[in-house]
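Observations on the model geometry
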Amino acid sequence: MERNVHPSDRPIIATADDAILAKRATVATGYYEDPFVEAIAAHASGMSSSPAPASSTSSPLHESERFPTMSNRLPAVNEDEIIPNQMNSPQRPVHHPVDSGSPVPVRHVMRPSPVPSNSPARPSPGRGIARHQQPIIKRGTHARVCCIDRAISAFAQLVHEKKQRQIVVLGAGKDTNWFRYRAGLLFDDSETCNALQWFEVDHPSVVYSKAKLIRNSPELTSQFALEMNKIDSDEYILSDTSSPSNCVLVSHDLRASPQELIEKLSRHNFDPAVPTLFILECVQMYLPEDANSTLLRYLSRKCPDACVCLFDPILGNDPFGRMMEHNLLRAGVVTQDSCLLRTRTLSEHLTKANSYGFDRGVGCDMMSAYDTVVTDTQRLRANQCEMLDELEEWVLIMRHYCIVVCCRSDSNFGQQYCGVGASSPMGFVSGKCLVLKNGQIK
């Protein structure tokens, strides 16, 4: 059911389906654990015309006109404009197209070894659906999930002694991380897991759709002592009666007043003064530049002890990035005023964060993140799932996405959260990232 959806918003809203379908295929192949993705992916269709029932293991995941995000199909690219596709040997050296002096460790993208019987990469019940997503898409989706998981767990561990801690997922779509958190799939430490308040914010039609899926899913409600109560204006509270942690689904258009957003959150015990992690996962790219600037400036002023985690494409100015731009404009999910087209590099992301008031930060492209933020265990599991032959294309794609965390320099925990080196909770390594400090980017 669509509720108050302007026609121009429909393509963007459809990306929530695209993301959950890609995650569903990735889980089905065994890259990571998410027993909740099938229920949330029920009837999702994205930009395709036919929904894919959650119980199906044979219906294809439609890929026509997908967007070039980590969760979606890649844009069509003229291979003569990029690196030749010579991938007959998985052991041949591969070099970054941006920095030819920095070889990709082949162990990260090599052909998989046979999966031993005690491997964590177990086949999932819906494994048949995984064939309908390219391995390169599933590998990228897995990397994206690993980075966001680490951002959440690093935050939770740094502030675990605080009485109140908050996570706010802006543009949450059909994200399943609160369910994974409650099931103990985001961190091993039960002390870290306790009393983490969760808020998900999205367009009213997306929130309504997700709430309906949850309410109608025995698979979700039976996992916990779960209660869902509707409040006013399409807002819902998911209460796990065995835990003090709730998840509040809040309807809000991120182009609207950020003051109104904070007021909505505050009705559900959101406290702007306590440690908070705001997550924007492939969300900022769609926002108009002015709306994004207004939102983040307000958050930096209103929430002094907050950190922001951004995952976004970085187009640059090469042929691959220009083709991504062309396809996104054609699909109607971005305009010339969208942040994606106004923030084309990692350095520009950090420069803008500084201008918004988040004057301490660190970020890297996803190829570097795969070497550092993604752990050895996670890479091994990915290698054991399936072959990845498109090595040069993989590097090219990963160089066109970034992960960024930023905070105010006076944040009580932000200095550590945005750290680099051996003490970095995120795994950022000097020489493989850019650092924002004292107004300078190095």
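Look up a bit, the structure's there.
Let me begin by describing the structure that accompanies this report. (Residues numbered from 1 in each chain as written. Predicted model: local features only at pLDDT ≥ 70, side-chain atom pairs only at ≥ 80, totals over all residues. Heavy atoms only, no water.)

**Some thoughts on helix α8 (residues 258–266)**
Test applied: Throughout, exposure labels follow a simple rule: accessible area from a 1.4 Å probe, protein chains only, divided by the maximum for the residue type, with under 20% read as buried, over 50% as exposed, and the rest as partly exposed. Secondary structure elements follow DSSP: runs of H or I no shorter than four residues count as helices, runs of E no shorter than two count as strands, and numbering proceeds from the N terminus. It is the directions from the helix axis to the C-beta atoms whose arc is reported. Residue contacts are defined here by distance: any two heavy atoms, one from each residue, within 4.5 Å place the two residues in contact.
For α8, the complete set of buried residues consists of P258, L261, I262, K264 and L265. Along the long axis of α8, the arc covered by the buried residues comes to 160 degrees, so they all point the same way. In this fold, the buried residues of α8 make contact with β1 (165–170), β2 (196–202), β5 (246–251) and α9 (289–302).

**Some remarks on the pattern of salt bridges**
Stated precisely, the cut-off is as follows: Just to be clear on terms, a salt bridge is a Lys or Arg side-chain nitrogen sitting within 4 Å of an Asp or Glu carboxyl oxygen.
A full pass over the atoms with the stated rule returns 20 salt bridges. Its salt-bridge partner being R381, residue E33 comes within 2.8 Å of it at the nearest N-O pair. Taken together, the positions of E33 in the loop between α1 (10–29) and α2 (37–40) and R381 in helix α14 (residues 376–385) put the pair 348 residues apart, joining distant regions of the chain. Given a relative accessible area of 12%, R381 falls into the buried group.

**A word on the packing of α9 against helix α12 (residues 346–356)**
Condition: Helix axes are fitted only over the stretch in contact, all axes being lines through C-alpha atoms; the angle between N-to-C directions runs from 0 to 180 degrees. For classification purposes, angles smaller than 35 degrees are called roughly parallel, those larger than 145 roughly antiparallel, those between 65 and 115 roughly perpendicular, and all remaining angles oblique. Each residue gets one label: Ala, Val, Leu, Ile, Met, Phe, Trp, Tyr, Cys and Pro are nonpolar, Asp, Glu, Lys and Arg are charged, and the others, such as Gly, are polar.
Two elements in contact, α9 and α12, have axes separated by 8 Å at closest approach and are oriented at 55 degrees. On the basis of the axis angle, α9 is oblique to α12. For the pair formed by α9 and α12, the contact residues are E289, N292, S293, L296, R297 and S300 on the first element and K352, S355 and Y356 on the second. Here the residues of the contact of α9 with α12 are counted per class, giving 2 nonpolar, 4 polar and 3 charged.

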